[in-house]
Structure formats: C-alpha cells, structure tokens
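Commentary on secondary and tertiary structure
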Amino acid sequence: MLWVGMVAVTIPLATHLWLQYQSLSELQSTLPHARRAYMRKYLSLVIDKVIANYESKADAILDLPPKAFNHTYPNPDYSPMTAIDLSMVYDHFTSHQFRGARLLFAGVISGPKDPTYVTVRFFDPIACTFRYRPTMDERGAAHSASANWMAMIMVESKPSPKSIKLTVDERDPRYRIIVKPIVNESGNVVGVAGMFLKDEVFIQDYLAPAVQGSLAGSFPDEHRDVIVTLTSNDEKLLYSNQKFEGKTYEVGWPMPFIYSDWFLGIRMQKMTEEQWSQRYFITNLSFSLLTSLVLIGGIVLALRTASRSMKLSQMKADFVSNVSHELRTPLASIRVFGEFLKLGRVRDAHKIHEYGEYIETESRRLTQLINNILDFSKIESGQKTYQFEEADIEQVVTDTLKTFEIMLEQNGFRIELEKQARNLPKVIIDSNAIAQAFINLLDNAVKYSGEAKVIKVRLSHNDGFITISVSDHGIGIAKEEIEKVFEKFYRVGNSLVHDVKGSGLGLSIVKHIVEAHDGSVTIDSEPGSGTTFSIHLPCSDSQTSRSQPNQTNRGDAYLGHGLPIGDNT
Ligand code: ADP
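In this report, the structure presented in the accompanying data block is examined. Keep in mind it's a predicted model, so treat the numbers as computed, not measured.

With 20 residues, helix α3 (residues 136–155) should cover 28 Å at 1.5 Å per step; its first-to-last C-alpha distance of 27 Å lies within 8% of that length. The largest bend in α3 is about 55°, located at Ala 147. Looking only at α3, the buried set comprises Glu 138, Ala 141, Ala 142, Ala 145, Ser 146, Trp 149, Met 150 and Ile 153. On its buried face, α3 sits against β1 (101–110), β2 (117–123), β3 (167–169), β4 (177–183) and β5 (189–197). Just downstream of α3 lies Glu 156, where phi reads positive at about 50°.

With nine of its 10 residues buried, β1 lies for the most part within the structure. Sheet analysis places β1 next to β5, joined by six bridges and oriented antiparallel. Within the sheet, the bridge partner assigned to Gly 107 lies in β5 and is Val 192. As defined by bridge partners, β1 adjoins β2 across seven bridges and the pair is classed as antiparallel. By the bridge assignment, Val 108 is partnered in β2 with Thr 119.

We now examine empty space enclosed by the protein. Taken as a whole, this structure holds one cavity of 30 Å³ or more when the rule is applied. Of the pockets and cavities examined, the largest cavity occupies roughly 490 Å³. Around the largest cavity sit 32 residues that line it, and Asn 444, Lys 447, Tyr 448, Arg 491 and Leu 507 are the ones nearest its centre. Mapped by element, the contributors of at least two residues to the lining of the largest cavity are α6 (349–381), α8 (431–447), β15 (465–472), α11 (506–516) and β17 (530–538). Residue composition of the lining of the largest cavity, by class: 14 nonpolar, 12 polar and six charged.

Aromatic rings in a pair are described by how distant their centres are and how their planes are angled relative to each other. For the coordinates displayed, the defined rule picks out 26 aromatic pairs. Summarising the aromatic geometry, the rings of Tyr 90 and Phe 123 are spaced 5.7 Å apart at their centres and angled 85° between planes, so their arrangement reads as edge-to-face. Taken as a pair, Tyr 90 in helix α2 (residues 86–95) and Phe 123 in strand β2 lie far apart in primary sequence, 33 residues in all. For Tyr 90, a relative accessible area of 32% gives the class partly exposed. Clustering of aromatic rings is evident, with ring pairs tying together Tyr 54, Phe 98, Phe 202, Tyr 206, Tyr 259 and Trp 262. The ring of Trp 276 has Arg 35 sitting right over it, with the charged end atom 3.8 Å from the ring centre.

Around the ligand sit 20 residues in total, of which Asn 444, Tyr 448, Arg 491, Ser 503 and Leu 507 are the nearest. Taking Asn 444, its side chain carries an N or O atom lying 2.8 Å from an oxygen atom of the ligand. Ser 503 is positioned such that a nitrogen or oxygen atom in its backbone is 2.8 Å from an oxygen atom of the ligand. Contact with the protein chains covers 98% of the free accessible surface of the ligand, which is 520 Å². A majority-of-atoms criterion places the ligand in the largest cavity.

This paragraph deals with the packing of α8 against α11. Relative to each other, α8 and α11 sit at 145°, their axes nearing to 9 Å. Considering how the two elements wind past one another, α8 and α11 form a crossing that is left-handed. Facing α8, whose interface residues are Ala 433, Ile 434, Gln 436, Ala 437, Asn 440, Leu 441 and Asn 444, α11 presents Gly 506, Leu 507, Ile 509, Val 510 and Ile 513. Class assignment of the residues belonging to the contact of α8 with α11 gives a composition of eight nonpolar, four polar and no charged.

A word on the sheet that holds strand β16 (residues 520–526). Two pairing modes exist for strands in a sheet, parallel and antiparallel, and in both the strands are linked by backbone hydrogen bonds. Here we have five strands laid out as an open sheet, ordered β12-β14-β15-β17-β16, and mixed in their pairing. Each end of this open sheet is capped by a strand with a single partner; those strands are β12 (414–419) and β16. Neighbour-to-neighbour, the strand axes of the sheet open up by a mean angle of 15°, direction not taken into account. Looking at chain direction, strand β14 (residues 454–462) and β15 are connected through seven bridges and run antiparallel. Directly across from Asn 462, in β15, lies its bridge partner Phe 465. Packing of α11 onto the sheet brings it into contact with β16 and β17, and relative to β17 it is tilted by some 25°.

Read across the sheet, five strands follow the order β2-β1-β5-β4-β3 without closing on themselves; strand pairing throughout is antiparallel. The outermost strands of the open sheet, each flanked by one partner alone, are β2 and β3. Each adjacent strand pair in this sheet contributes to an overall mean axis angle of 25°, direction not counted. α2 rests against β1 and β2 of the sheet, and its axis sits at about 40° to β2.

Let us now look at helix α7 (residues 393–410). When the terminal C-alpha atoms of α7 are compared, their 26 Å separation across 18 residues agrees well with the 26 Å that a helix rising 1.5 Å per residue should span. Bending of α7 peaks at approximately 45° at the position of Phe 404. Turning to α7, its buried residues number three or more, namely Ile 393, Val 396, Val 397, Thr 400, Leu 401, Phe 404, Met 407 and Leu 408. Its side-chain oxygen at 3.1 Å from the backbone nitrogen of Glu 394, Asp 392 defines the N-terminal cap of α7. In the stretch just after α7, Gly 412 is the one whose phi turns positive, near 75°.

What follows is about the packing of α7 against α8. Here α7 crosses α8 at 40°, and the two axes come no closer than 10 Å. The angle between the axes of α7 and α8 places the two elements in the oblique class. For the pair α7 and α8, the sense of crossing is right-handed. Mapping the contact onto sequence places Ile 393, Val 396, Val 397, Thr 400, Leu 401, Phe 404, Met 407 and Leu 408 in α7 and Ser 431, Ile 434, Ala 435, Phe 438, Ile 439, Leu 442, Asp 443 and Val 446 in α8. Residues belonging to the contact of α7 with α8 are distributed by class as follows: 13 nonpolar, two polar and one charged.

Attention now moves to the environment of Gly 5. Within the fold, Gly 5 resides in helix α1 (residues 2–62). Since its relative accessible area comes to 33%, Gly 5 is described here as partly exposed. C-alpha separation for the pair Gly 5 and Leu 303, spaced 298 residues apart in sequence, amounts to 9.2 Å.

What counts and what doesn't
Residues numbered from 1 in each chain as written. Predicted model: local features only at pLDDT ≥ 70, side-chain atom pairs only at ≥ 80, totals over all residues. Heavy atoms only, no water. Helix = DSSP H or I, 4+ residues; strand = E, 2+ residues; numbered from the N terminus. Expected span 1.5 Å × (residues − 1). Bend = angle between axes of the 7 residues up to and from the residue. Buried < 20%, exposed > 50% of the residue type's maximum accessible area, 1.4 Å probe, protein only. Contact = heavy atoms within 4.5 Å. Pairing = 2+ DSSP bridges. 1 Å grid on protein atoms, 1.4 Å probe; cavity = no way out; pocket = protein on both sides within 12 Å on 5 of 7 lines; lining within 4 Å. Points joined across faces, edges and corners; volume = space filled by probe spheres on them. Nonpolar A, V, L, I, M, F, W, Y, C, P; charged D, E, K, R; others polar. Phe/Tyr/Trp six-rings, centres within 6.5 Å; stacked < 30°, edge-to-face > 60°. Lys NZ or Arg CZ within 6 Å of the ring centre and 35° of its normal. Near = heavy atom within 4 Å. Polar contact = N/O pair within 3.5 Å; in protein donor to acceptor, adjacent residues only side chain to side chain. Areas by Shrake-Rupley, 256 points an atom, 1.4 Å probe, with all protein chains shown as cover. Sits in = over half its atoms within 2 Å of the grid points. Axes fitted to C-alpha atoms, helices over the stretch in contact; angles between N-to-C directions. Left-handed = near helix turned anticlockwise from the far one by under 90°. Parallel < 35°, antiparallel > 145°, perpendicular 65-115°, else oblique.

See below:
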C-alpha cells in the first residue's frame, strides 16, 4: 500500500514537472516577443500622450481668429499693412503662451490678382514683438510650410473640414514648423498661422515627463532598470532617462506627426529579453524542482515513519509472545518441582536440595524478567528514578555474581572474574540499577553462548572511567545489527537467536541505566567468536554534575534507539 501510495504520488509529480518544463521552455521562447510587444506598447503610449499634449498646445496658440485676416482676394486696394490685424494677432499670441514655440507667424495672400502678394508677419514670443527680423532661411521656410494653404486662399476653394488640421514641415530639421490654416465661418481658408519649434522644450517639457510618468505604472517591478532613449536618424542621442552604456535601444518606435525622423527606444539596463526570460525559466524551474524535492522528502519521511511503526507494532506483537514464553517456562518448572516436593515423591535429600535450587533459580529468572518489564514501563513513562550513592563497584559485581551463581552452575557455565586495578575508585551509582544492567548482560551471555560455556567478567579503571566487561564466546552479533540491539523490543532475527527466549528489552534497559549514570555501553563482537559488552561508568571525582543529590529522575520518556517518539507500550 505504501509503495502504491509512493508511486501514485511520484508519477503525477514527475508528469507535472515534465509539463511544467515543457511550458516553461515554450514560455522562454515566446516571452522575449511578448516583452518586446509590451515595450512597444509602452512607447506608443508615451508617444500618444506627448503628441496629443503637444498638438493641443500648438493648436491653441495657432488658432488665430479669422477676423484678424482682413482681406478679400483679389484685393485691388492692396496694403500689406492692413492685410493682417496685428493687434488681434498680438492679443492672441500673448494670451496663449506655449514654450515650445521659438517663433510665430501669421500669413495671408493679399494684393491684386497679378502679381500675387504674400504677407507674412513674424512674432517673437519671448520678446512679444512683431519687430523680429527673420533670416532669409526662416522666411523661406515659413513660406514653403504655408504654401499649400496659401494656394487654398488663392483659389478660394472650400476644403473639407476633415482636411483642415495642423500640418508639419520638417524638410529642414533646423526649421521644424507647424502650420494651421485659419478658416472663416463660411469654410474658406482666410489665413495661415505657424510656429517654429524649440526642440529642447519638446524633449524636456513634454517627452521626459511622459516617459517618467508612465514608467512605474508600466514596469512596476523593474522601472529602475528601464532605459528610454530618443535618437535622431543619424544615431545621435538626444535624450535618455538614465545613464547607460552600450546599445541605445532594444525596441524602437518612430515619432509620428512631428520629429518624425526621431526614434524613441527602450531597453533593460541589465539584461536582454532573452537573458531575462532565461532567468525566469531557471527561477521557476528551480522553484518547482525544490518544491518537488521537499514533497518527495516528505513522502520518504512518511514512508520511513510508517514502515518503522509497522516494524514497531510487529516487534510489540513478538514481544508479547516472547514474554509469554519466558513466563510460561519457569512457571511450568516451578509448578512441576513444587508438585514433586508436595507429593513427597522425592525423598533423597540431595534431590530435594537440587529441586529447591531449581525453584529458586527459576523464581529469580521470573523476578528478573518482571523487573525488566516494570523498569521498562517506568522508563517509558518517565518515572524511573535512581538512588545515587557512593558505592564500591567491585562489591556490586561480586554480590551480583553470587546471586547468579546457581543458575550459571546449573547451566554448566564457568565465570572468570578479572580485575585490572587493585583498589578501584568509588563510584556514585544506583547499585541496584547497575546490578540489574550487569545481570542483563550476564543473562545474555548465558543465553547466546551456545556450547562455549565460559564467561569472562572484567573490571578495569581507565581515564576516569570504571569499565565492567562481560565477554562470551557465543554466537556473536553481525556488524549491521550492533546498533539495533539497543532498540526496545529488538531481537536479532537469525535462527540462532530464534531458539533463545527473550523479550528484546534487556539491552535497551542497560543502555538507559548506564546513560542515566553519564556512562556508555560499547559492544565488541565477532559473529561466531563471541561478544564483549562493556559498561563504562565515570568515577566519583569526575561525576561533578551528580555528586550531591542522591536521587535523580531522568524524567524524559525513554525513546529506545531510533524508534518513533510517543509510540510507547
Ligand atoms: P533479549 O531478551 O532478546 O535477549 P536484549 O535486549 O537483551 O533482548 O538483546 C537484544 C538482542 O541482542 C538479542 O535478541 C540478541 O539477538 C542480541 N544479543 C544480546 N546479547 C548478546 C550476546 N551476548 N551475544 C549475541 N547476541 C546478543
């Protein structure tokens, strides 16, 4: 089920990743185009804004009253002085200020039919005077810019209202002119108004604010990175919104209506559109990969937890059956020997003694088993307490061995006690607890010794630690099992161990007891040759942390060795 679950999650995840990769790479190739289209849109937005603004200003200042053109053509009473009402024109030009105009003019056809007379009056908007003396070039430019409309005046035709609009003459970029035909009530063109443009005003007063004004709105996250430039057709840079190096623009848009030989361009400061979309691709894909990895990590973790708890529940089931077996055997022996004695079938004093010893040994075994179970339950619930006091470890070991003697003898075991130092230093320990840990090791040595019935107990003192080692020449423990044998309920699963009864609690209790004494347990084992378990306990002088109080409750629930928290039985 778990593996099916894993596959059921992994396949859609992999498919999702693949699809995402596909769509991201597709996006990577289309994004630059989309971004460029967006940039073009931005440029046209700026241009529309600038031109609309500029045009309406120009239109307002050039919108001279038709009455200012005081003529009928052909006019036999030709007088260039009266053809244009200068005071009216003056009033209009001065009341409609427009910084973009360098020079203004009003023109009309006047005089008799032949020859044709053209009157053009120039007005200096800064000095506010008609006394401006235009150069020959300026005069020529004004004439040619208004020539079409002058022709209209001459033929007295009525142009369609749609065709009456501002016109631009940019033939000579030095004299860019906007011209407006002045139409009277009956729809006839009666005069022309025009202006010479001031380029820098167009750039500073109209273009720059429009560029800056729309940047933040159009590029909310990267407006600081956007470079907008204005270049002339000879590639001369006329304006840029910020300093930059390299290419002038990535996307360009020609100016309409006026300055039509200029080019508004845009590009990103740091990256080209291709680089940008590649970064987008990498960022998004990495994010997806990371999310998937976290998800897979979570699944693996969940699987591990599930498999561990399955293992644990299996161990618990085994534990119940193992313990039942362990309880049943000594109980059965006690009952049989007890019955024998009760019925008086055994008369021989030696036999009676022997049976009595059996009953005693088996009862001890039962007590030990029950002690282990009780201890385990206390450890699990965090209620295990220790009575620490200064003790002679040698005494504890020999006393324990004595209680164990009969059982060892019955099983044909020989114990060799070896002491390295004469007077071992005192230790602060809970003697009962250490005795129990030692018994557990001895019991294991007996259980897993097989035919080699010699057990060596060694007491030594080294580096501020006292070591109690229990060595047997039994079945040994495989390398990969060594770490696990300290786990609660854990029993090695090979056939050699299978025949031996056990609860799987002994070593986990040993480990807990020893660690509560700030010590450690080590294993040295060779499968087939035997095992040495060593308990290392710190000597009194090094037990500073626990030297005074004589009772300690290692309150934390015992979690065994690598098993899930909170799964206590
Ligand atoms: P058990 O009640 O099964 O003996 P323990 O916690 O005492 O539980 O031991 C855990 C396992 O470690 C045992 O089942 C056994 O496989 C292994 N083991 C413990 N002591 C020895 C030893 N002296 N020699 C070989 N294997 C041992």
